Amino acid sequence: MQTLSENRCFDGTQGVYSHRSDCCGCDMTFGLFLPAEARQGPVPLLWYLSGLTCTHENAMTKAGAQAWAAEQGIAVIFPDTSPRGDHVADDAAYDLGQGASFYVDATQSPWAANFKMWSYLADELPDLVFENFPVERERQAITGHSMGGHGALTLAMAHPGRFASVSAFAPIAHPSHSEWGGKQLLAYLGDKEWHRHDATIQMKSRGFDGPVLIDQGTTDQFLNLLKPECLAEAMMTRRQPGQFRMQRGYDHSYFFVSTFMEDHVNFHAEALYSL
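Residues numbered from 1 in each chain as written. Predicted model: local features only at pLDDT ≥ 70, side-chain atom pairs only at ≥ 80, totals over all residues. Heavy atoms only, no water.

Asker: Explain the packing of helix H3 (residues 117–132) against helix H4 (residues 147–158) here, please?
Answerer: In helix packing, the relevant descriptors are the interaxial angle and the interaxial distance, both defined with respect to the helix axes. Two elements in contact, H3 and H4, have axes separated by 12 Å at closest approach and are oriented at 55 degrees. Considering their axes alone, H3 and H4 lie oblique with respect to each other. Like other packed secondary-structure pairs, H3 and H4 cross with a definite hand, here right-handed. Where H3 approaches H4, its residues Trp118, Leu121 and Ala122 are matched on the opposing element by Thr154, Leu155 and Ala158. For the contact of H3 with H4, the class distribution of residues is five nonpolar, one polar and no charged. (Axes fitted to C-alpha atoms, helices over the stretch in contact; angles between N-to-C directions. Helix = DSSP H or I, 4+ residues; strand = E, 2+ residues; numbered from the N terminus. Parallel < 35°, antiparallel > 145°, perpendicular 65-115°, else oblique. Left-handed = near helix turned anticlockwise from the far one by under 90°. Contact = heavy atoms within 4.5 Å. Nonpolar A, V, L, I, M, F, W, Y, C, P; charged D, E, K, R; others polar.)

Asker: Would you explain the packing of helix H2 (residues 65–72) against helix H9 (residues 254–273) in this entry?
Answerer: Their axes nearest at 9 Å, the elements H2 and H9 cross at an angle of 30 degrees. Compared by their axis directions, H2 and H9 come out roughly parallel. Read as a crossing pair, H2 and H9 show a hand that is right-handed. Between H2, through Ala65, Trp68, Ala69 and Gln72, and H9, the contact on the second element is made entirely by Met261, Glu262, Val265, Asn266, Ala269 and Tyr273.

Asker: In this structure, what is going on with the side chain of serine 18? I would like to understand it.
Answerer: Position of serine 18 among the secondary structure elements: in strand S2 (residues 12–21). Accessibility expressed as a relative area gives 13% for serine 18, which makes it buried. Discounting residues that sit within four places of it in the chain, serine 18 has contacts with Met1, Gln2, Leu4, Met28 and Thr29. (Buried < 20%, exposed > 50% of the residue type's maximum accessible area, 1.4 Å probe, protein only.)

Asker: How do you make sense of the pattern of salt bridges when you look at a structure like this?
Answerer: Side chains bearing opposite charge may pair, as long as their charged atoms lie close to each other. Per the counting criterion, the structure on display carries nine salt bridges. Glutamate 136 is the salt-bridge partner of arginine 139, the closest N and O atoms lying 3.8 Å from each other. In this structure, arginine 196 engages glutamate 193 in a salt bridge whose closest nitrogen and oxygen atoms are separated by 3.2 Å. Here the salt bridges share partners, and the residues they tie into one network are Asp215, Arg245 and Asp263. (Salt bridge = Lys/Arg side-chain N within 4 Å of Asp/Glu carboxyl O.)

Asker: I would appreciate a short explanation of the sheet that holds strand S5 (residues 75–79) in the present structure.
Answerer: Strand pairing in a sheet takes place through backbone hydrogen bonds and is either antiparallel or parallel in direction. Read from one edge of the open sheet, nine strands run S1-S2-S3-S5-S4-S6-S7-S8-S9, paired in mixed fashion. Two strands bound the open sheet, and with one partner strand each, they are strand S1 (2–9) and strand S9 (242–247). Direction aside, the axes of adjacent strands within the sheet are offset by 20 degrees on average. For S1 and S2, the ladder comprises seven bridges, and the chain directions are antiparallel. Note on S2: the bridge partner recorded for serine 5 is valine 16. (Pairing = 2+ DSSP bridges.)

Asker: Looking at this structure, how should I read the packing of aromatic side chains?
Answerer: Two aromatic rings, taken as a pair, are described by how far apart their centres are and by the angle between their planes. Inspection of every chain in the model, using the stated rule, returns 12 aromatic pairs. Ring geometry for tyrosine 17 against phenylalanine 30: centres 5.6 Å apart, planes inclined by 35 degrees, an arrangement best described as tilted. Taken as a pair, tyrosine 17 in strand S2 and phenylalanine 30 in strand S3 (residues 26–34) lie far apart in primary sequence, 13 residues in all. Judged by relative accessible area, phenylalanine 30 falls into the buried class, the value being 0%. Arranged with centres 6.2 Å apart and planes meeting at 45 degrees, the rings of tyrosine 250 and phenylalanine 256 form a pair that is tilted. Tyrosine 250 gets classed as partly exposed once you look at its relative accessible area, which sits at 28%. On the basis of relative accessible area, phenylalanine 256 is assigned to the buried category, the value being 0%. (Phe/Tyr/Trp six-rings, centres within 6.5 Å; stacked < 30°, edge-to-face > 60°.)

Asker: Teacher, can you tell me more about the environment of alanine 234 here?
Answerer: Topologically, alanine 234 is positioned in helix H8 (residues 228–238). Taking the relative accessible area as the measure of exposure, alanine 234 reaches 0% and is therefore buried. Residues alanine 234 and glutamate 6 lie 228 residues apart in sequence; the distance between their C-alpha atoms is 42 Å. Not counting residues within four places of it along the chain, the set of residues in contact with alanine 234 comprises Thr200, Met203 and Lys204.

Asker: What's the story with the pairing of strand S8 (residues 212–217) in this structure? I'm lost.
Answerer: For a regular strand, side chains alternate in direction, first toward one face of the sheet and then toward the other. Judged by how many residues are buried, S8 sits mostly within the fold: six of six residues are covered. Burial along S8 is two-sided: Val212, Ile214 and Gln216 facing one way and Leu213, Asp215 and Gly217 facing the other are all buried. Pairing of S8 with S9 involves six bridges; the strand directions are parallel. Paired with glutamine 216 across the bridge in S9 is methionine 246.

Printed below as a string of structure tokens:
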């Protein structure tokens, strides 16, 4: 693992690190904010998964998570959204290929060689982080935006007991029935196992074993692609403990995310410290 940068931030440290990923067959980069409390011992960890076209840097610099995480004494990790490199398959479209992994393990050519983001986030990166940084494996929570909200919800529901809480900002809620999802899941997985990567289907079939918080802007320009009503209905059908909030006048941007980041960090801190 290589340290690319470390900056003092709200009395803690915002670092950026790279490492060779066996899962993805390339070098991967992630950001990690450690609050001041990490100098005395391990702290809880919040995962933040970003959306289409993003790298680790977008949320790290735009979401404003560090200020609220510092208040609560929790770490925040910002993984990249996909494998990268000249040898990694890509596509001219913004919503397929590098920056658009949809957090799955691809089985179809040419994506299968590198696009193993599910395994990377579920296994490889956590092992690396818990081995090298003062963060607690027993206290994890997860959130994300758009494609990252989809990833956060599906990862959380697939790993009962791992995450104390899950939240999402404008998640791609029903990808198997949307142009944001159907195209990518077909390319990466063929016609198999789409249900594993659809938050609405997983919410109906298994739900989440903790609290859920969803925020969605009412003037989001991608509402028809996100399909928030499907996830809301699934939560009601499942009688899932949680909140689904429609925020009047907010769009899909990081202005929306940063506005409600305090709520989400506090929501996760309450769940993490109740363990």
